[in-house]
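Fold and contact review
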Amino acid sequence: RVYSGVIKKGDTLLNVTRGKKERIGRIVEVQAAATKDIEEVRAGDICAFVSMKDTETGDSLSDPASPVLLERMRFPDPVISVSVEPKNRNDIDKMSTALYKMAKADPSLRLEVDKETGETVLKGMGELHLEITVDRMRTELGVEAVMGKPKVSFREAFGGPVELTYTHKKQSGGSGQFAEVKMIFEPAEPGTGIEFSDEIVGGRIPREYIPAVEHAIRTESRKGQVAGYEVVDFKARLIDGKFHDVDSSALAFEIAGKGCFREAHRGSRPKLLEPIMGVEVVTEAEYLGDIIGDVNRRRGTVSEQGQKGPQAFVQGQVPLAEMFGYINFLRSATRGRGTFTMEFDNYAEVPNSLVEKLMEKESK
């Protein structure tokens, strides 16, 4: 989208986000599946530039003489993941290239390789989002892929504050390893992330070893003690420790930090968190009772209901784990007249009575 000025074919612009120059080769006007070549675009126009080298979704392009950086779009973290593999085993390189292109164009997609299973994992904002991505790979890039069963991206959290002293000591001839850390871990407000604070006084731990402890906490938090999910929203305070002139090192303090985190998280009665989705269903008023009853059965809550023109609507929050295959229920309950939209709202604690049941369902 052009915010000001004029851009002509052949102009050179500056990608202010990345500090690189881009030459505009072709400018096209897009109308559904058709494109029409044009010579220039002005303020207010929406167009497509063909074959950009270093520009990605959300970047700002500007006159090199007057650089302007616009605020980037914010994309939420993915809440659902599937394993993806090529239909033909020989196409694994083609599939990897196609997935990389899709993830580069859509910042709400994430691409990972599971270190334990070797599977390629695609993460996105919902079942439909991932299905459309795989379908676009087939239609636009000619790569056939098969999706595995969807999995929910759970999170873990500290159940309460924990103060713990952890000592790492290893002696096996020659110089050994020694590090002791005393830390306090506390739950933080949702969405605040990880907050590490160094409260060491009097040189109890040399300054050069403290970054190793912080690195250990951040690394180890990627795998929690309930079911191996990422641990989020906590404060880690390093308040005391001990070191040895010969046997202490950054590595020893990193090992001590990891051990301290694991034991503290396990001992805090950790919580399992699940993504809660904001759901809106629009349908005929006669089906509203069935829709609301089903939301309650899915551990959801209704926040609002009313009229949208001739149709009725229901808005509420429902755990993502309960929403798989919802479109099939909706079609059946409304005789094909109902539609729904769903987007991520927040993370909430899974009731203790359901943790084992959900984990068993996930493992299957």
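To keep things clear, this report deals only with the structure shown in the data block. Source: prediction; values computed, not measured.

Notes on the overall build of the protein
Helix and strand counts for the protein come out as seven helices and 22 strands. Relative to the compact-globule value of 21 Å for 364 residues, the protein shows a C-alpha radius of gyration of 26 Å, a clear excess of over 25%. By its C-alpha atoms, the protein is 75 × 60 × 45 Å across when sized along the principal axes. Buried residues in the protein amount to 37% of all 364 residues. Pairs at least 24 apart in sequence give 71% of the contacts found in the protein among residues at least 6 apart.

Re the pattern of salt bridges
Working definition: two side chains of opposite charge can pair if their charged atoms are close together. Evaluated as defined, the whole model comprises 26 salt bridges. A salt bridge links D135 to R138; its shortest N-O distance comes to 2.6 Å. Of this pair, D135 and R138 both sit in helix α2 (residues 127–141), separated by three residues, roughly a single helical turn. A salt bridge links R155 to E230; its shortest N-O distance comes to 3.8 Å. You can see R155 sitting in strand β14 (residues 155–157) and its partner E230 sitting in the loop between α3 (210–220) and β18 (234–242), a full 75 residues away along the chain. Given a relative accessible area of 35%, E230 falls into the partly exposed group. Several salt bridges share partner residues, and in doing so they unite R18, E56, D59 and R72 into one network.

What to know about the sheet that holds β18
If you walk across this open sheet you meet the four strands as β15-β16-β18-β17, and the pairing is mixed. In this open sheet, the two edge strands, each paired with only one partner strand, are β15 (162–170) and β17 (194–198). Strand after strand, the sheet turns through a mean of 25° between neighbouring axes, direction not considered. With eight bridges connecting them, strand β16 (residues 177–187) and β18 associate as antiparallel partners. Looking at β18, one finds that V181 is bridged to G241. Strands β16, β17 and β18 of the sheet are contacted by α3, whose axis makes an angle of about 160° with β17.

Side note on empty space enclosed by the protein
This model, assessed by the stated rule, comprises one cavity of 30 Å³ or more. In this structure, the largest cavity spans a volume of roughly 40 Å³. Forming the walls of the largest cavity are V279, V281, V295, T301, V302, V314, Q315 and G316. Breaking the lining of the largest cavity down by element, the ones donating at least two residues are β19 (271–283), β20 (301–308) and β21 (311–319).

A few points about unusual backbone geometry
Phi is positive for D233, close to 55°, though the residue is something other than glycine. Tracing the backbone shows D233 in the loop between α3 and β18. On the accessibility criterion, D233 (15% relative accessible area) is buried. For R335, which is not glycine, the phi torsion reads 55° and is therefore positive. Counting through the fold element by element, R335 comes out in the loop between α6 (326–334) and β22 (339–349). Taking the relative accessible area as the measure of exposure, R335 reaches 68% and is therefore exposed.

Considerations on α2
Along an α-helix, residues three or four positions apart point the same way, because every turn accommodates 3.6 residues. The terminal C-alpha atoms of α2, which comprises 15 residues, lie 21 Å apart, in line with the 21 Å expected from a rise of 1.5 Å per residue. Among the structural elements, β9 (80–86), α1 (92–105), β11 (120–124) and β12 (145–147) are those in contact with the buried residues of α2. Positive phi shows up at G142, right after α2, with a value of about 70°.

Quick notes on the environment of H265
Tracing the sequence through the fold places H265 in helix α4 (residues 250–267). Of the residues examined, H265 reaches a relative accessible area of 0% and is grouped as buried. Along the primary structure H265 and S221 are separated by 44 residues, whereas in three dimensions their C-alpha atoms are 9.3 Å apart. Setting aside residues up to four positions removed in sequence, H265 forms contacts with E156, A157, F158, G224, Q225, V231 and P270.

Conventions and cut-offs
Residues numbered from 1 in each chain as written. Predicted model: local features only at pLDDT ≥ 70, side-chain atom pairs only at ≥ 80, totals over all residues. Heavy atoms only, no water. Helix = DSSP H or I, 4+ residues; strand = E, 2+ residues; numbered from the N terminus. Rg over C-alpha atoms; globule rule 2.2 N^0.38 Å. Buried < 20%, exposed > 50% of the residue type's maximum accessible area, 1.4 Å probe, protein only. Contact = heavy atoms within 4.5 Å. Salt bridge = Lys/Arg side-chain N within 4 Å of Asp/Glu carboxyl O. Pairing = 2+ DSSP bridges. Axes fitted to C-alpha atoms, helices over the stretch in contact; angles between N-to-C directions. 1 Å grid on protein atoms, 1.4 Å probe; cavity = no way out; pocket = protein on both sides within 12 Å on 5 of 7 lines; lining within 4 Å. Points joined across faces, edges and corners; volume = space filled by probe spheres on them. Expected span 1.5 Å × (residues − 1).

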